[in-house]
Amino acid sequence: MEAVKDVLPCVEHRQCARHIVANFKKRFAGAIFENLFWKACNATTPQSFNEFMQKIERLSPEAHKYLMEKEPKTWSRAFYEVGRACAAVENGISESFNATKDVSPAIRQLLNGLKIEARYWQVLPSGLNKFETRNEGQAYDVDLDNRTCSCRLWQLNGYGCAYSVATILFLNRDVDTYVDPIFCRANYNKTYLNHILPMNGSNMWPEISFTPPLPPQRRRMPGRPATKRKRDVTEKIGKHKVSKKGKPIVCSACHMRGHNKVTCPTTSKPVKLRESVVEGSVNGGAVGVQGTINSVVGGVHRSEGGVHGVRKKKVKARGVGVAVRTRKPSERILKT
């Protein structure tokens, strides 16, 4: 930006408010700081700008100091020069025009919003084409001949404000006639009045004795190549999950709505035994299994000669089955 000031010193310089608020949120988090910043950014008079900045200062003096160091005259409408027909505080503005209308559809859409807002303002004639637009404690001076309003928004954007639109509708006039000519189709077509001359390709360039410039060699960066786009800190990062709010629950067992298979009344539930009964049955079964194993092991010891084949013996003790598999007298595998 400093280089642009050196090349074009007599041109008004502005900063993108979206980039400022992105860096502002990194140091001062909270929706209240962001909302007050946008209100100060869109303020059209120094009085309203100071009002919102004082609120920021009461919340955090450091936040107020940070914004004031960013030169408010470059990002707030309150200090923009009038007569530019551009009140934008962000980059990337594009206007599209229709071949059958003289005003841009985007400007017409903004005017329709101003017409809705103008319903709440009362217009009082104060002289020849001079009016006072009032709403409770607020009042603004509108001059239709000079196309000015004391709120300065008409001079900044070029198509009007709610107070000027209310005055024009009070006189039953067409709002489009008070839009700056820069937004008309005729002036837009003048931008492309001159043709862009064609140019031959590199195969038609004349040969020279100098060494042609070569592109830089590709260098593989360390690490695995990134496949995802680098997101800004203000963007929400996380998995996108579709909400099931409003979707009826259908049981997969009885196919009825209002419950699932866990709470389905048609499915049988397992009977829960008392803790004392379960503990007694487990302890008794363990004692029976241990006695059976001892008897089987003793029988294997008493057998004379080696048992080289596979011997299986199944014993039932108190409802618990025990299988003993032996390959040799010295190797026994017990399974319960």
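Now for a quick tour of the structure. (Residues numbered from 1 in each chain as written. Predicted model: local features only at pLDDT ≥ 70, side-chain atom pairs only at ≥ 80, totals over all residues. Heavy atoms only, no water.)

### Things to note about the overall build of the protein chain
The line we're drawing: Under the scheme used here, helices are H or I runs from DSSP no shorter than 4 residues and strands are E runs no shorter than 2 residues, and both carry numbers assigned from the N terminus. Areas reported here follow the Shrake-Rupley algorithm with a probe of radius 1.4 Å; residue values treat only the protein chains shown as occluding.
Within the protein chain, the regular secondary structure consists of ten helices and seven strands. Total accessible area computed for the protein chain in this model is approximately 25,600 Å², and 54% of it derives from carbon and sulfur atoms.

### Quick word on the sheet that holds strand E1 (residues 122-127)
Our working rule: Strand pairing requires that DSSP identify at least two bridges connecting the strands.
On the basis of which strands lie adjacent, the open sheet formed by four strands has the order E1-E2-E3-E4 and antiparallel pairing. The open sheet has two edge strands, E1 and strand E4 (148-149), and neither has a second partner. Note that strand E3 (residues 138-143) and E4 share two bridges and pair antiparallel. Looking at E4, one finds that aspartate 143 is bridged to threonine 148.

### Focus: helix H6 (residues 105-117)
How we decide: What a helix should span is 1.5 Å times the count of its residues minus one. Buried residues are those whose accessible area, probed at 1.4 Å on protein chains only, stays under 20% of the maximum for their type, while exposed residues exceed 50% and partly exposed ones sit between those limits. Directions pointing from the helix axis toward each C-beta atom define the arc. The contact criterion used is simple: two residues touch if any of their non-hydrogen atoms lie within 4.5 Å.
Taking 1.5 Å of rise per residue, 13 residues should cover 18 Å, and H6 covers 19 Å from first to last C-alpha, within 8% of that figure. Residues Ile107, Leu111 and Leu114 constitute the buried set of H6. Seen along its axis, H6 keeps its buried residues to an arc of 60°; they face one direction. Where H6 is buried, its residues contact helix H8 (162-170).

### Focus: the side chain of threonine 133
Among the structural elements, threonine 133 can be located in strand E2 (residues 130-135). Setting aside chain neighbours within four positions, we find threonine 133 in contact with Trp121, Gln122, Val123, Gln138, Ala139, Tyr140, Val142, Tyr163, Ala166 and Thr167.

### Details of unusual backbone geometry
At asparagine 129, a residue that is not glycine, the phi angle is positive and equals roughly 55°. The class of asparagine 129 is buried, set by a relative accessible area of 17%. One non-glycine residue, asparagine 172, adopts positive backbone phi at about 60°. Relative accessible area serves as the criterion here: at 73%, asparagine 172 is assigned to the exposed category.

### Some words on the pairing of E1
Inspection of the sheet shows E1 paired to E2 by five bridges, in the antiparallel sense. The partner of glycine 127 across the bridge, within E2, is lysine 130. Taken together, E1 and the strand that follows it, E2, pair antiparallel across an intervening segment of two residues, in which asparagine 129 is found at a positive phi of about 55°.

### Quick look at the packing of aromatic side chains
Operational definition: The aromatic pairing rule takes the rings of Phe, Tyr and Trp, using the six-membered ring of Trp, and pairs them if the centres are within 6.5 Å, calling planes under 30 degrees apart stacked, those over 60 edge-to-face and the rest tilted.
Counted by the stated rule, this structure contains 16 aromatic pairs. Relative to phenylalanine 183, the ring of tyrosine 159 lies with its centre 6.3 Å away and its plane at 70°, an arrangement referred to as edge-to-face. Taken together, the residues tyrosine 159 in the loop between helix H7 (153-157) and H8 and phenylalanine 183 in the loop between H8 and helix H9 (185-191) connect sequence positions 24 residues apart. Residue phenylalanine 183 is classed as buried on the basis of its relative accessible area, which comes to 10%. Three or more aromatic residues joined by ring pairs form one cluster here, namely Phe24, Phe28, Phe33, Phe37, Trp38, Phe49, Tyr66, Trp75 and Phe79.

### A closer look at the pairing of E2
The pairing of E2 with E3 spans six bridges and is classified as antiparallel. Residue pairing across strands places lysine 130 opposite aspartate 143, the latter belonging to E3. Hairpin connection between E2 and E3: a loop of two residues separates the two successive antiparallel strands, and glutamate 136 in this loop has a positive phi of roughly 55°.

### With respect to the nonpolar core
How we decide: Among buried residues, the Ala, Val, Leu, Ile, Met, Phe, Trp, Tyr and Cys ones that are joined through side-chain atoms within 4.5 Å form a nonpolar core.
Core analysis: the largest hydrophobic core is formed by 25 residues, its most contacted members being Ile107, Leu111, Leu144, Cys149, Tyr159 and Tyr163. Looking at this core, the elements with two or more residues in it are H6, H7 and H8. It is H8 that contributes the most residues to this core, five residues altogether. Formed by 21 residues, the second largest nonpolar core is a distinct cluster that contains Val21, Leu36, Phe49 and Ile56.

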